[in-house]
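Structure assessment
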Amino acid sequence: MGRNNADMSKGTRSTLVVVLLVWSLFAFPWFDKGCDIAEAYTAVIKYGVPEGLEPLPACYG
């Protein structure tokens, strides 16, 4: 029988898992510096990874 077109391919699934893991690794420093989890993941997109003791605009609004 044919493969269901609605199923995600194995490669696509693997890629999404890897992207989520990398994003989580980058979000952890923000979470560790006091951001809640949503702010931490958003901060990765907006600011990248925090460096040293810089002000944390992502955690303050």
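A brief structural summary.

Regarding the overall build of the protein chain
Of regular secondary structure, the protein chain possesses 2 helices and 0 strands. Expressed as a percentage of the 61 residues in the protein chain, the buried residues total 16%. Across the protein chain, the fraction of contacts at a sequence separation of at least 24, relative to all contacts at a separation of at least 6, is 16%. As presented, the protein chain carries roughly 4,900 Å² of accessible surface, and 65% of it is formed by carbon and sulfur atoms.

Side note on the packing of aromatic side chains
In total, this model carries 2 aromatic pairs according to the counting rule given. Both rings, one in Trp30 and one in Tyr47, keep their centres 6.1 Å apart while their planes meet at 50°; by these two values the pair is tilted. Here Tyr47 lies in helix α2 (residues 37-47) and Trp30 lies in helix α1 (residues 10-32), a separation of 17 residues in the sequence.

Brief notes about the packing of α1 against α2
Where α1 contacts α2, the axes come no closer than 8 Å and their chain directions differ by 110°. Classified by the angle between their axes, α1 and α2 sit roughly perpendicular to one another. Between α1 and α2 lies a crossing whose hand is right-handed. Facing Trp23, Ser24, Phe26, Ala27, Trp30 and Phe31 of α1, the residues of α2 in contact are Ile37, Ala40, Tyr41, Ala43, Val44, Ile45 and Tyr47.

Describing the nonpolar core
Membership of the largest hydrophobic core is limited to 7 residues, which are Ala27, Trp30, Cys35, Ala40, Ala43, Val44 and Cys59. Listed by contribution, the elements that provide at least two residues to this core are α1 and α2. The dominant element in this core, judged by the number of residues it contributes, is α2, at 3 residues. In this structure Ala40 touches Ala27, Trp30, Phe31 and Cys35, once residues within four positions along its chain are discounted.

Thresholds applied
- Residues numbered from 1 in each chain as written.
- Predicted model: local features only at pLDDT ≥ 70, side-chain atom pairs only at ≥ 80, totals over all residues.
- Heavy atoms only, no water.
- Helix = DSSP H or I, 4+ residues; strand = E, 2+ residues; numbered from the N terminus.
- Buried < 20%, exposed > 50% of the residue type's maximum accessible area, 1.4 Å probe, protein only.
- Contact = heavy atoms within 4.5 Å.
- Areas by Shrake-Rupley, 256 points an atom, 1.4 Å probe, with all protein chains shown as cover.
- Phe/Tyr/Trp six-rings, centres within 6.5 Å; stacked < 30°, edge-to-face > 60°.
- Axes fitted to C-alpha atoms, helices over the stretch in contact; angles between N-to-C directions.
- Parallel < 35°, antiparallel > 145°, perpendicular 65-115°, else oblique.
- Left-handed = near helix turned anticlockwise from the far one by under 90°.
- Core = buried A, V, L, I, M, F, W, Y, C linked by side-chain atoms within 4.5 Å.

Without other data, these values stay purely geometric and don't point to any function.
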